[in-house]
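# Coordinate analysis (summary)
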Amino acid sequence: TECVSGCVCPEGLFDDGRGGCVEQKDCPCIHNNELYSSGDKIKVDCNTCTCQKGVWKCTDDVCYGTCMIYGSGHYNTFDGKFYDFDGSCEYVAIQDFCGDKNSSGSFSIITENVPCGTTGVTCSKAIKMFLGVMKTLSNTSATPLPAILELIPDTKKFSEMTVGLYLVIEASNGVMLIWDKKTTVFIKLSPEYKGKVCGLCGNFDDKANNDFTTRSGLQETNPLIFGNSWKQSPMCPDVLQEIKPCDLKPHRKSWAEKECSIIQSEVFKICHSKVNPVPFYEACVHDACSCDTGGDCECFCSAVAAYAQECIKVEACVFWRTPDICPIFCDYYN
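Residues numbered from 1 in each chain as written. Predicted model: local features only at pLDDT ≥ 70, side-chain atom pairs only at ≥ 80, totals over all residues. Heavy atoms only, no water.

Per an unreviewed UniProt entry, the chain is named MUC2 protein, and its organism is Cisticola juncidis.

### Side note on the overall build of the chain
Of the regular secondary structure elements, the chain holds 6 helices and 19 strands. Across the chain, contacts joining residues at least 24 apart in sequence account for 49% of those joining residues at least 6 apart. Accessible surface computed for the chain: about 17600 Å², of which carbon and sulfur atoms make up 53%. (Helix = DSSP H or I, 4+ residues; strand = E, 2+ residues; numbered from the N terminus. Contact = heavy atoms within 4.5 Å. Areas by Shrake-Rupley, 256 points an atom, 1.4 Å probe, with all protein chains shown as cover.)

### Some words on the sheet that holds strand β6 (residues 47-52)
Read from one edge to the other, the open sheet built from 3 strands follows the order β5-β6-β7, with strand pairing classed as antiparallel. Each end of this open sheet is capped by a strand with a single partner; those strands are β5 (41-44) and β7 (55-58). For this sheet, the mean inter-axis angle between neighbouring strands, taken without regard to orientation, is 35 degrees. (Pairing = 2+ DSSP bridges. Axes fitted to C-alpha atoms, helices over the stretch in contact; angles between N-to-C directions.)

### Considerations on the sheet that holds strand β19 (residues 184-189)
The sheet built from 7 strands is open, its strands ordered β10-β9-β8-β19-β18-β17-β16 with antiparallel pairing. Single-partner strands in this sheet number two, and they are β10 (82-84) and β16 (158-163). Put simply, the sheet's adjacent strands are angled 15 degrees from each other on average, direction ignored. Bridge count for strand β9 (residues 74-76) against β10 is 3 bridges, and the pairing is antiparallel. Residue pairing in the sheet places tyrosine 75 in a bridge with tyrosine 83 of β10.

### Re the packing of aromatic side chains
In the structure shown here, the tally under the stated rule is 13 aromatic pairs. Summarising the aromatic geometry, the rings of phenylalanine 82 and phenylalanine 280 are spaced 4.9 Å apart at their centres and angled 75 degrees between planes, so their arrangement reads as edge-to-face. Of this pair, phenylalanine 82 sits in strand β10 while phenylalanine 280 sits in helix α5 (residues 278-290), and the two are 198 residues apart along the sequence. The buried category is assigned to phenylalanine 280, whose relative accessible area is 3%. Both rings, one in phenylalanine 280 and one in tyrosine 307, keep their centres 5.2 Å apart while their planes meet at 50 degrees; by these two values the pair is tilted. Placement of phenylalanine 280 in helix α5 and of tyrosine 307 in helix α6 (residues 296-313) is noted, with a sequence separation of 27 residues between them. (Phe/Tyr/Trp six-rings, centres within 6.5 Å; stacked < 30°, edge-to-face > 60°. Buried < 20%, exposed > 50% of the residue type's maximum accessible area, 1.4 Å probe, protein only.)

### Overview of unusual backbone geometry
Its identity as a non-glycine residue notwithstanding, aspartate 206 has a phi of 70 degrees, on the positive side. Mapped onto the fold, aspartate 206 is located in the loop between β19 and α1 (223-229). Take aspartate 206: its relative accessible area is 54%, and that puts it in the exposed class. You will see that glutamate 315, though not glycine, has its phi angle at about 60 degrees, which is positive. Following the sequence through the fold, glutamate 315 ends up in the segment after α6.

### So, the packing of helix α3 (residues 250-260) against α5
At a minimum axis distance of 8 Å, the contact between α3 and α5 shows a crossing angle of 140 degrees. It follows that α3 is oblique to α5 by the angle criterion. α5 is crossed by α3, and the crossing has right-handed handedness. Touching Arg252, Lys253, Trp255, Ala256, Glu257 and Cys260 of α3 are Tyr281, Cys284, Val285, Ala288 and Cys289, all from α5. A per-class count over the contact of α3 with α5 returns 8 nonpolar, no polar and 3 charged. (Parallel < 35°, antiparallel > 145°, perpendicular 65-115°, else oblique. Left-handed = near helix turned anticlockwise from the far one by under 90°. Nonpolar A, V, L, I, M, F, W, Y, C, P; charged D, E, K, R; others polar.)

What follows is the structure, encoded as structure tokens:
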């Protein structure tokens, strides 16, 4: 409708977003605000996407889902809903005994939460995995760092291996549990469980807005009501309010904010556009304030590692550990 000064591409060519003109077959694609040339491939979960004429063409494999439980009561569900719940009891993390068919199922994973510090926040002390047999990962030390593993010898139902820092238990029914031997647990489920599970990790139906489904099948908006419904024992007290450890321990707040600022710093810049750092930063400050009876650096490191893990899932590898920040010293001569 009017003239606009500037450069345009000649007839039949297209702006490539980099100041040049290309044929349509060479048009780039955009992913997370980055330009990719025609023919470039990226990984999205377990699928591979290829840039073709400016449009992503992706394989349509159905991927394993992952739920993360870490630190003092932080949950990231299979469908990506991030919330906090600090209950001191045993809770159903995930199971396939749900709805009208709750009399039958193949597995159940229970998390036992206990106070980690004096502020009232809780950390996962034990993880119990029911697969016809019971497997318990537990902690008997005073600090919130699980240390003991009980073994039930039934190799038909699951295999066990150590991968780097993690203990991996893989069951024959498509359930995998990954534990860092401290306060972080990943639960992975095969696609056949989509929409068939329930618990604190949600229902794995690719919709985050219905993850707060209580044991009785009602949808909630309040994480406290939702979390309380999944306690194993009715004798446990309900959680009535969210605990804010930095308000209870204000002298720890500035240290916590300073340490956790690494998540929002240049170190993780490559990941910021792919995974929102804000909830992970807030969870880190929460944990660093709450662990006031030992293990405070461990709580901080687990919180940063949780964000780094999400970055790895979207192919943003960040080398954030240093000799001064959460070092991991390899085995001698290894």
